[in-house]
Amino acid sequence: MNEFNALERRAGLLNVQGVQQATIHAAMFMQLLAAQQAGNEKLANFYVERFPPDVRKAYDAWLAEKPFENPNADAHPFVPNLYEVRGTRDAAELNSKATSRVEEARRAGSISGQYLANTVLFATVLFFASASGRFEQRRVRVVAFGFATAVFLFAVLRTAMLPL
């Protein structure tokens, strides 16, 4: 479970960082469009030159669609087929690993619980086997010992079915 928690926290951090970067990239893109709309090509070029490589690639691919003339072009360069938020693949991989870790932890917890239940059963056997000799009536001794034997057989069969 500790591994699950660590992986899940790391995936969450990557997602948050990716969203923060995507927000900054989108803001830069909006400033670029504002500069172009105002006719300030120097400022527009300033933003384009400072786009990170992944944003620049998405922006160039978006421009290749001729978005200002083509009504079928993507609305912006941040659509999934052009741009991928940083860290999403790594976060998905970490989430997948976290899921497998939590499944392992659940299986281990289940087995642990089964072994604990068997320990209680064997303790019950010891109690009734020991107590059976202390009763004065033979019939009560036989019933107590028979109960201990039945519980013992049940616990042995149950233990044999547990995974190693």
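Not measured: the values here are computed from a predicted model.

What counts and how
- Residues numbered from 1 in each chain as written.
- Predicted model: local features only at pLDDT ≥ 70, side-chain atom pairs only at ≥ 80, totals over all residues.
- Heavy atoms only, no water.
- Helix = DSSP H or I, 4+ residues; strand = E, 2+ residues; numbered from the N terminus.
- Rg over C-alpha atoms; globule rule 2.2 N^0.38 Å.
- Buried < 20%, exposed > 50% of the residue type's maximum accessible area, 1.4 Å probe, protein only.
- Salt bridge = Lys/Arg side-chain N within 4 Å of Asp/Glu carboxyl O.
- Phe/Tyr/Trp six-rings, centres within 6.5 Å; stacked < 30°, edge-to-face > 60°.

Helix and strand counts for the protein chain come out as 5 helices and 0 strands. Put simply, the protein chain runs from its N terminus to its C terminus through helices and strands in the order α-α-α-α-α. The globule rule puts the C-alpha radius of gyration for 164 residues at 15 Å, and the 34 Å found for the protein chain is more than 25% above it. Along the longest, intermediate and shortest principal axes, the C-alpha atoms of the protein chain span 105 × 25 × 20 Å. Counting all 164 residues of the protein chain, 26% fall into the buried class.

Turning our eyes to something else, we now look at the pattern of salt bridges. Two side chains that carry opposite charge are able to pair once their charged atoms sit near each other. Here the structure, examined in full by the defined rule, presents 7 salt bridges. The shortest N-O distance in the salt bridge between Lys97 and Glu93 comes to 3.6 Å. Of the two residues, Lys97 and Glu93 are both situated in helix α4 (residues 88-132); the distance of 4 residues between them amounts to about one turn of the helix. For Lys97, a relative accessible area of 37% translates into the label partly exposed.

One non-glycine residue with positive phi stands out, namely Lys66, at about 55 degrees. Within the secondary structure layout, Lys66 lies in the loop between α3 (53-64) and α4.

Moving on, we come to the packing of aromatic side chains. For the structure shown, the criterion picks out 11 aromatic pairs. Ring centres of Phe29 and Tyr59 lie 6.4 Å apart, and the angle between their planes is 70 degrees; on these two criteria the pair is classed as edge-to-face. Of this pair, Phe29 sits in helix α1 (residues 2-37) while Tyr59 is found in helix α3, placing the two residues 30 residues apart along the sequence. An angle of 85 degrees between the planes, with centres 4.9 Å apart, marks the rings of Phe78 and Tyr83 as edge-to-face. There is no split in this pair, since Phe78 and Tyr83 are both buried.

Geometric values such as these leave the question of function open.
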